Amino acid sequence: MIMEELKCEIEKWLYEYFKDKGTYNKKIYEAMGYSVNIGGKRIRPILMLLTYKMYNKDYKEALPAACALEMIHTYSLIHDDLPAMDNDDLRRGKPTNHKVFGEAIAILAGDGLLNEAFNILFEEALNKDKRWLKVGHLIGQCAGSEGMIAGQVVDILGENKEMDEKELRYMHKNKTGALIKGAILSGAILAGADESDLKILNEFGEKLGLAFQIKDDILDVIGDEKKLGKTIKKDEIHNKSTFVSVYGLDNCKDMCCKLTEQCIELLNNIDKDGSKLQELTLFLLKRDY
């Protein structure tokens, strides 16, 4: 129930943020708002808020950071879907941004979302305390050339090529895992978690990010396109290495289960109520979208 409440809060905040913005540049806000507001699981901001709630019940204090992170995630999806990258027509069950607004505006919408996210984080840092600055720096690293973008680069260069296990793990640790880990650590930092807990949550975030990506690779093979809201078998079409292509479907299912068990064990080592984070971790294992 709390996850649905958080999702509603996130979507309300994002809708209000882009509502009635712009003059001659109004089109860019329409394009940014289109991709941000067409739904999605909102996993990254929910992870941030649930981690924050382990230490501080007033999660609304962290909403701007959570929504900024969702903007960054959404910008990456807009750019991923472009013809120069994955060339997708469908995202979250709707036409992709460039199919609605054209490639030029889609590129600028992604750029706009990235910059807007950091405007939000910097404004909070100016008005609050150093923890917000620390979180802004962390999110910048997770989204940058040694984080999400690093994984995207390896993904692009990996087309029509067999990756070894080390390169495959590097790709997904960064492409998918970096923002997931960043969401968890950001929530903990903003709530004032101590260093010992941050160390545990860092490991939790890495394992959860890997499990999330393996599950995505599984769903790309056996998922329902209508439930997923995006094109399936993309990796096969682009001849990309995935966990399924390297390890096989059954092994990937086992890996997901083991990583999830390890995630739960790590949360049990924190002297806080991590039951909602555990609930979300199990949901991610069992999801079909």
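Here, the structure is the one placed above.
Predicted model only: the values in this text are computed from it and were never measured.

### Quick notes on the overall build of the protein
Alright, step 1. Scanning the protein from N- to C-terminus turns up 16 helices and 2 strands.
Alright, step 2. On C-alpha atoms alone, the protein measures out to a radius of gyration of 18 Å, which is about the 19 Å that the 2.2 N^0.38 rule sets for 289 residues.
Alright, step 3. Taken along its principal axes, the extent of the C-alpha atoms in the protein is 55 × 50 × 35 Å.
Alright, step 4. Out of the 289 residues belonging to the protein, those deemed buried represent 54%.
Alright, step 5. When the accessible surface of the protein is split by element, carbon and sulfur atoms take 51% of a total near 13700 Å².
Alright, step 6. With 41 positive and 48 negative side-chain charges, the protein shows a spacing of 2 Å between the two charge centroids.

### Quick look at the pattern of salt bridges
Alright, step 1. The final tally for this structure, using the stated rule, is 18 salt bridges.
Alright, step 2. The partner of E11 in a salt bridge is R42, with the nearest N and O atoms 3.1 Å apart. With E11 in helix 1 (residues 2–18) and R42 in the loop between helix 2 (26–36) and helix 3 (43–55), this pair connects stretches of sequence that are 31 residues apart.
Alright, step 3. Two residues, D216 and R287, come together in a salt bridge whose shortest N-O distance is 2.9 Å.

### Regarding the packing of aromatic side chains
Alright, step 1. Summed over the entire model, instances satisfying the criterion amount to 6 aromatic pairs.
Alright, step 2. Centre to centre, the rings of F243 and Y247 are 5.7 Å apart; their planes meet at 15°, and the pair counts as stacked. Within this pair, F243 and its partner Y247 are both found in helix 14 (residues 243–247), separated by 4 residues, close to a single helical turn.
Alright, step 3. The class of F243 is buried, set by a relative accessible area of 0%.
Alright, step 4. The interplanar angle of 65° and the centroid separation of 6.0 Å between the aromatic rings of F283 and Y289 together place this pair among those described as edge-to-face.
Alright, step 5. An aromatic cluster of at least three residues, connected via ring pairs, comprises W13, Y17 and F18.
Alright, step 6. A cation over an aromatic ring shows up here: K21 above the ring of Y17, its NZ or CZ 3.7 Å from the ring centre.
Alright, step 7. Note that R287 overlies the ring of F212, its terminal NZ or CZ placed 4.2 Å from the centroid.

### Examining the environment of L114
Alright, step 1. Here L114 lies in helix 6 (residues 103–127).
Alright, step 2. Relative accessible area serves as the criterion here: at 24%, L114 is assigned to the partly exposed category.
Alright, step 3. Spatially, the C-alpha atoms of L114 and T74 are 8.7 Å apart, while their sequence positions differ by 40 residues.
Alright, step 4. Aside from chain neighbours lying at most four places away, what touches L114 is I72 and Y75.

### What about the side chain of H79?
Alright, step 1. Mapped onto the fold, H79 is located in helix 4 (residues 63–80).
Alright, step 2. Residue H79 is classed as buried on the basis of its relative accessible area of 15%.
Alright, step 3. Here the side chain of H79 touches I107 through a polar contact of 3.0 Å, landing on its backbone oxygen.
Alright, step 4. Ignoring any residue separated from it by four or fewer positions in sequence, one finds H79 in contact with M85, A106, I107, G110 and D111.

### Quick word on the nonpolar core
Alright, step 1. L47, I72, L201 and F204 are the most contacted members of the largest nonpolar core, which has 75 residues in total.
Alright, step 2. The residues touching F204, leaving out its near neighbours within four places in the chain, are I184, C263, L266, L267, L277 and T281.

### Focus on helix 10 (residues 177–191)
Alright, step 1. Between its first and last C-alpha, helix 10 extends 22 Å over 15 residues, near the 21 Å set by a 1.5 Å rise per residue.
Alright, step 2. Counting buried residues in helix 10 gives 15 out of 15 residues, a clear majority hidden from the surface.
Alright, step 3. Positive phi appears at G192, one or two residues downstream of helix 10, with a value of about 85°.

Definitions and cut-offs
Residues numbered from 1 in each chain as written. Predicted model: local features only at pLDDT ≥ 70, side-chain atom pairs only at ≥ 80, totals over all residues. Heavy atoms only, no water. Helix = DSSP H or I, 4+ residues; strand = E, 2+ residues; numbered from the N terminus. Rg over C-alpha atoms; globule rule 2.2 N^0.38 Å. Buried < 20%, exposed > 50% of the residue type's maximum accessible area, 1.4 Å probe, protein only. Areas by Shrake-Rupley, 256 points an atom, 1.4 Å probe, with all protein chains shown as cover. Lys, Arg positive; Asp, Glu negative; His and termini not counted. Charge placed at Lys NZ, Arg CZ, Asp CG, Glu CD. Salt bridge = Lys/Arg side-chain N within 4 Å of Asp/Glu carboxyl O. Phe/Tyr/Trp six-rings, centres within 6.5 Å; stacked < 30°, edge-to-face > 60°. Lys NZ or Arg CZ within 6 Å of the ring centre and 35° of its normal. Contact = heavy atoms within 4.5 Å. Polar contact = N/O pair within 3.5 Å; in protein donor to acceptor, adjacent residues only side chain to side chain. Core = buried A, V, L, I, M, F, W, Y, C linked by side-chain atoms within 4.5 Å. Expected span 1.5 Å × (residues − 1).

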